[in-house]
Amino acid sequence: MEQKAWVKDNDTMAHYKSSQDPDIVARYTNSSGKIAGKLHYRDTIEIFVGVEMRHFLDSFNTSALFSAIPALEVSMGMTESQSTWIMSAFGLTFASFLLISGRISDVYNPKIAFIWGVSGLGVMSLCAGFVNEIIPLVVLRALTGIASAMTIPSALTLLVNVFPDPLEQARAMGLFGGCAAVANVLGLTIGAMFVQWASYHWVFWFVAIVAVPAALACVVIIPPEISNTKDHVEPAQARWKGLDVLGVSILTVALILFIFAVTSGSTDGWASVTVLVPLIISILMIIGFFYWETLIPVDRAAIPPRTWFYNNFSVLFAVALLPFLWWCTVFTIFSTLWQNVFEWSAISSAVHMFPLGVASFAMSFTGPLSRIFSPKWMILTGLSFCMVGTVLLALGGGSQDYWSYIFPAFSLGSSGAMLTYTHTLIAIFQSAPSAMAGTVGAIFNGALQFGTAIGLAGVSSIETSVEAIHGGSHEYEGRAAAFWFLFTIISIQFISVSIFYDRSTDHTPQPEHGEPETPAQRSTRFDEKPNDAKLTMVEKAELVDPPV
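Residues numbered from 1 in each chain as written. Predicted model: local features only at pLDDT ≥ 70, side-chain atom pairs only at ≥ 80, totals over all residues. Heavy atoms only, no water.

Moving on to the overall build of the chain. What the chain contains, in helices and strands, is 19 helices and five strands. Taken over 548 residues, the chain has a buried fraction of 54%. Look at the contacts in the chain between residues 6 or more apart in sequence, and 79% of them connect residues 24 or more apart. Counting every atom, the chain has about 22,400 Å² of accessible surface; 67% of that belongs to carbon and sulfur. (Helix = DSSP H or I, 4+ residues; strand = E, 2+ residues; numbered from the N terminus. Buried < 20%, exposed > 50% of the residue type's maximum accessible area, 1.4 Å probe, protein only. Contact = heavy atoms within 4.5 Å. Areas by Shrake-Rupley, 256 points an atom, 1.4 Å probe, with all protein chains shown as cover.)

Another point: the packing of aromatic side chains. Applying the stated rule across the entire model yields 25 aromatic pairs. With centroids separated by 5.6 Å and ring planes inclined at 10°, the aromatic side chains of F90 and F94 adopt a geometry described as stacked. Residue F90 and its partner F94 are both found in helix α2 (residues 80-96); the two are separated by four residues, about one turn of the helix. The same class applies to F90 as to F94, namely buried. Three or more aromatic residues joined by ring pairs form one cluster here, namely F334, W338, F342, W344, Y402, W403, F407, F410 and F483. (Phe/Tyr/Trp six-rings, centres within 6.5 Å; stacked < 30°, edge-to-face > 60°.)

Attention now goes to the packing of helix α12 (residues 323-341) against helix α18 (residues 477-500). Closest axis-to-axis distance for the α12/α18 pair is 11 Å, and the angle between their directions is 170°. Judged on the interaxial angle alone, α18 and α12 are roughly antiparallel. Each of L325, W326, T329, V330, I333, F334, T336, L337 and V341 in α12 lies in contact with α18, whose residues at this interface are R479, A482, F483, L486, I489 and I490. Looking at side-chain class alone, the contact of α12 with α18 contains 12 nonpolar, two polar and one charged residues. (Axes fitted to C-alpha atoms, helices over the stretch in contact; angles between N-to-C directions. Parallel < 35°, antiparallel > 145°, perpendicular 65-115°, else oblique. Nonpolar A, V, L, I, M, F, W, Y, C, P; charged D, E, K, R; others polar.)

Between its first and last C-alpha atoms helix α4 (residues 110-128) spans 27 Å; for 19 residues at 1.5 Å apiece the expected length is 27 Å, and the two agree. Within α4, burial applies to P110, K111, A113, F114, I115, G117, V118, G120, L121, G122, S125 and A128. (Expected span 1.5 Å × (residues − 1).)

All right, on to unusual backbone geometry then. A positive phi angle is found at N312, which is not glycine, with a value near 70°. A relative accessible area of 10% places N312 in the buried class. Phi at E343 takes a positive value of approximately 60°, unusual for a residue other than glycine. By the secondary structure assignment, E343 is in the loop between α12 and α13 (346-352). Residue class for E343 comes out exposed when judged on its relative accessible area of 69%.

Glancing now at the side chain of H201. If you trace the backbone, H201 turns up in helix α7 (residues 201-221). Reaching out from H201, the side chain makes a polar contact with the backbone oxygen of G129 at a distance of 2.6 Å. In contact with H201, other than residues within four places in its own chain, are G129, V131 and N132. (Polar contact = N/O pair within 3.5 Å; in protein donor to acceptor, adjacent residues only side chain to side chain.)

Averaged over the chain, the pLDDT score is 79; the fraction of residues at 70 or greater is 81%. Low pLDDT, under 50, characterises residues 1-38; the predicted model gives this stretch 109 contacts beyond four residues in sequence or across chains. Scored below 50 in pLDDT, residues 229-233 shows 18 contacts in the model against residues more than four places distant or in partner chains. (pLDDT = per-residue confidence, 0-100.)

A separate point is the pattern of salt bridges. Throughout the structure, instances matching the rule amount to three salt bridges. The salt bridge partner of R479 is E467, with a shortest N-O separation of 3.7 Å. On the criterion of sequence distance, the pair formed by R479 in helix α18 and E467 in helix α17 (residues 437-469) is long-range, its members being 12 residues apart. Take R479 and E467: they sit in the same class, and that class is buried. Members of the salt-bridge network, linked through shared partners, are E463, E467 and R479. (Salt bridge = Lys/Arg side-chain N within 4 Å of Asp/Glu carboxyl O.)

Packing of α12 against helix α16 (residues 402-431) brings their axes to within 9 Å, and their N-to-C directions diverge by 155°. Relative to α16, the element α12 lies roughly antiparallel. Between α12 and α16 lies a crossing of left-handed hand. For the pair formed by α12 and α16, the contact residues are P323, F324, W326, W327, V330, F334 and W338 on the first element and Y402, I406, A409, F410, G413, S414, A417, M418, T420 and Y421 on the second. Taken together, the residues of the contact of α12 with α16 sort by class into 14 nonpolar, three polar and no charged. (Left-handed = near helix turned anticlockwise from the far one by under 90°.)

This next bit is on the environment of F334. Within the secondary structure, F334 sits in helix α12. On the basis of relative accessible area, F334 is assigned to the buried category, the value being 0%. Counting along the chain gives 15 residues from F334 to S349, while the straight-line C-alpha distance between them is 8.1 Å.

Have a look at this one:
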């Protein structure tokens, strides 16, 4: 069947029809509306593999260190509080620089941001492998977080451009999350193998060995035609103003202080000056940032205030706080329990984590279901699985409870977390204009990181408090209390989605880059029959990405 695309005055909307032609997937236009060139099926696969490889490295880079931390502590003579900063330094800068990365991807070129981010990840990892001191390693981990932050929003922007069709986009977004889930489990296993049979240095060098060639390959395989950004139509000065440097700087500093405060709270005490002062300052700066966004023109704002009023955007942001928190809580609690209390080897502990990766990878293929069922029901199903899995983990965690409690809990809980992640990601991109893809990707991934930082601080505090009363760290009561706390969070989210998620705009095209519309307005506008006199038919395989 011949593939066609109908474009209404090169504006706002393209109506796609499926194609049986496997050789050509899309053809993009430049800012003038002229055909820029064909994007072949092979090119699409290469771009997708490149983006997924980078996402794999990001998750691997984090999970592999869980296996390497004990060896690092012994080698460098670190205390437990010092070793936490090897992980926290990455998370702090990663979450804080996501927004500026998203703005660069939207205003400039996502390909450039992506390639520089992957290159930086490889170079910083290579240097970290040669470091044997605490402070240089923490600094390099912080720089690695900045490099990783440059790649996530740009990767999502590239996926949105490569897969403009909603069904294909949903499938790509699902696999994007599934790749991270597999990398988390493989990272634990490969990291444990490096630590046991080589040295922890290879955890960093492995990332460099894969990242540097991947960056060079992306220079060739990612064509400039899919980077439909403002750099095609606006002068350099206008693009610079579009970054909202002041607003982004205020929010970046605020997030650094906030994450530092909540990360330090569980170790230094929530009443300490080193926690309260940065926490209060960060909250005031965040309030100042949102006030500043109301004062500047909408097209220059990093996060226009109207963003939060796009249909379901706010509730989806709240849901995004959960998935990574669930996985990180499980990784943290059981890695410590199995290795330090049960004295299992790092490899044995990693193998017992396999159900997490298998279940989540299987659920990553459910993306196309978002075009059949409402994302609301998919998200609620995922939250239900998470609730059941979390209850099982709270009830049983002993060395003899693996097959009766932990294995089914891992399978159900990880399936639910991936369902929630996948369909929240798909829904939040459909709720906002495609021109905001980089910013939306930054907001979504920022929510994942903030939920993890805040939630783990609460989990750690609850676990420590209960263990001080009930037998110490060798007993399971503190960990069970942490899982009941997590169950409470999931229950609140389940209730919130049930009440506040509006299904009236499900399966409708993305809104334009303008003021948010009511559900009735969106439905009416996109249900109108197009005027044939104003339609231009683009022949075979000329899928047009709607210009903004």
